[in-house]
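# Architecture and fold: a report
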Amino acid sequence: MKLNLIGKKTEVPGVESFIFQPPESLHWKAGQFFHYVLHHRPTDDRGSDRWFTISSAPFENVVMITTRFTEEKGSTFKKALANLSVGDSIEVTDIEGDFILEDLTQDYVFIAGGIGITPFHSILKELDHRGEQAHITLLYGNRDEHIVFKDELGGFAKSNPQLKIQYIIAPERIDIVKIQEFVPDMQKPIFYISGPEPMVDALGTSLRHVGVSEDRIKQDWFPGYQEE
Ligand SMILES: Cc1cc2nc3c(=O)[nH]c(=O)nc-3n(C[C@H](O)[C@H](O)[C@H](O)COP(=O)(O)OP(=O)(O)OC[C@H]3O[C@@H](n4cnc5c(N)ncnc54)[C@H](O)[C@@H]3O)c2cc1C
């Protein structure tokens, strides 16, 4: 299936969103992702396909990619993506992913590293639109004060008093001590972790070490990024 680009926007310096119109009405769950193919020449050894979470919410009926661009050693794929103009298309294959909320009666802790906020943005925006509330603590680590979706997240927290957001800005890091600071009962919530692979792996391991059971940990790994 091909999606047509209908708009672009700068979220914060270095982070752009690309908004695509699907040819037909799509059904997906907030937190899921697409596999994208963008043929371009020349193509570096990282290839012409990538995975991106759909950062928009299902009710919006558009597919948004939100991604970070690096000044050094950026891929040819990202250059081709940046060069897309409105009206250009990108190829996608099936929607996948189980990084979704299934039971709103549970407590959740969402842990985002930088651009790993994308699935949480989709989930929280969809909940907000539906007027549904869940007990969620979002711990959002970032490299600096340029925080992607900060205003929108603040709006979601205003309409959902059960949503607590904590920003952790470098040089501070999200680690197990920080998590325990904001999560009084570690055995109660379900933990969702999304972001650069090293961070997601390290936090998953730390949670298991303090006794959080496997069925209470969900991880979404973004390859190609270093720790936030
Ligand atoms: C399920 C899933 C969902 C995802 N969702 C998102 C999302 O919502 N947003 C998002 O931004 N990403 C997401 N990703 C990650 C995305 O697919 C890319 O891996 C990521 O954006 C990095 O892109 P890039 O490889 O084009 O590198 P770039 O972003 O262009 O570069 C990133 C850095 O990678 C380093 N690097 C990595 N490999 C090499 C190499 N072979 N040679 C030289 N340097 C290298 C460079 O130092 C560079 O600074 C997701 C991945 C998965 C699996």
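Residues numbered from 1 in each chain as written. Predicted model: local features only at pLDDT ≥ 70, side-chain atom pairs only at ≥ 80, totals over all residues.

### Section: the site of the ligand
Every one of the 24 residues lining the ligand counts as a neighbour, but Trp51, Thr67, Ser75, Thr118 and Gly224 are closest to it. Counting residues per element, the ones that place at least two in the shell around the ligand are β4 (49-53), β5 (63-68), α1 (76-82) and β11 (217-222). Tallying contributions element by element places β4 first for the shell around the ligand, with four residues. Taken together, domain 1 (2-96) and domain 2 (107-222) each give at least three residues to the shell around the ligand, which thus spans both. (Near = placed C-beta within 6 Å. Helix = DSSP H or I, 4+ residues; strand = E, 2+ residues; numbered from the N terminus. Domains from an automatic or database assignment.)

### Digging into the sheet that holds β4
Sheets are built from strands that pair by backbone hydrogen bonding, the pairs being arranged parallel or antiparallel. With antiparallel pairing, the six strands of this open sheet are ordered in space as β4-β3-β6-β1-β2-β5. Each edge of the sheet is formed by a strand with only one pairing partner; in this case those strands are β4 and β5. Averaged over all pairs of adjacent strands, the angle between their axes in this sheet comes to 40°, without regard to strand direction. The pairing of strand β3 (residues 33-37) with β4 spans five bridges and is antiparallel. Note that in β4 the partner of Tyr36 across the bridge is Arg50. (Pairing = 2+ DSSP bridges. Axes fitted to C-alpha atoms, helices over the stretch in contact; angles between N-to-C directions.)

### Topic: unusual backbone geometry
Omega for the bond connecting Arg41 with Pro42 falls within 30 degrees of zero, at -10°, which places this linkage in the cis form. Looking at the element boundaries, Pro42 is found in the loop between β3 and β4. The linkage connecting Ala170 with the following residue, Pro171, adopts the cis geometry, with an omega of 15°. Backbone geometry at Asn61 places phi at a positive 60°, although glycine is not the residue there. With respect to the secondary-structure elements, Asn61 resides in the loop between β4 and β5. At Lys73, a residue that is not glycine, the phi angle is positive and equals roughly 60°.

### What to know about the sheet that holds strand β7 (residues 107-113)
An order of β9-β8-β7-β10-β11 is seen for the five strands of this open sheet, with the pairing classed as parallel. Among the strands making up the open sheet, the edge pair consists of β9 (163-169) and β11. Each strand axis lies, on average, 10° off the axis of its neighbour in the sheet, ignoring direction. As paired strands, strand β10 (residues 190-196) and β11 are joined by six bridges and run parallel to one another. Along β11, the bridge assignment pairs Pro196 with Phe222. Lying on the sheet, helix α5 (residues 197-209) is in contact with β7, β10 and β11; it crosses β10 at an angle near 155°. (Contact = placed C-beta atoms within 7 Å.)

### Considerations on the domain arrangement of the protein chain
The domain boundaries assigned to the protein chain delineate domain 1 (2-96) and domain 2 (107-222). If you look at the interface, domain 1 gives 16 residues, while domain 2 gives 14 residues. Looking at the side of domain 1 that touches domain 2, the elements that each hand over two or more residues are β1 (2-12) and β5. Element by element, the count of residues in the side of domain 1 that touches domain 2 is highest for β5, at three residues. Its residues placed into classes, the side of domain 1 that touches domain 2 shows eight nonpolar, six polar and two charged. (Nonpolar A, V, L, I, M, F, W, Y, C, P; charged D, E, K, R; others polar.)

### Structural notes on α5
Here α5 contains 13 residues, and its C-alpha end-to-end distance of 18 Å stays within 8% of the 18 Å for a straight helix at 1.5 Å per residue. When α5 is considered as a whole, its buried residues turn out to be Met199, Val200, Leu203 and Leu207. Mapping the buried residues of α5 onto a view down its axis gives an arc of 95°, with all of them on the same face. The outward face of α5, more than 90 degrees from its buried face, is lined by the exposed residues Thr205 and His209. On its buried face, α5 sits against β7, β10 and β11. (Expected span 1.5 Å × (residues − 1). Buried ≥ 20, exposed ≤ 12 C-beta atoms within 10 Å, placed from the backbone. Arc of directions from axis to C-beta.)

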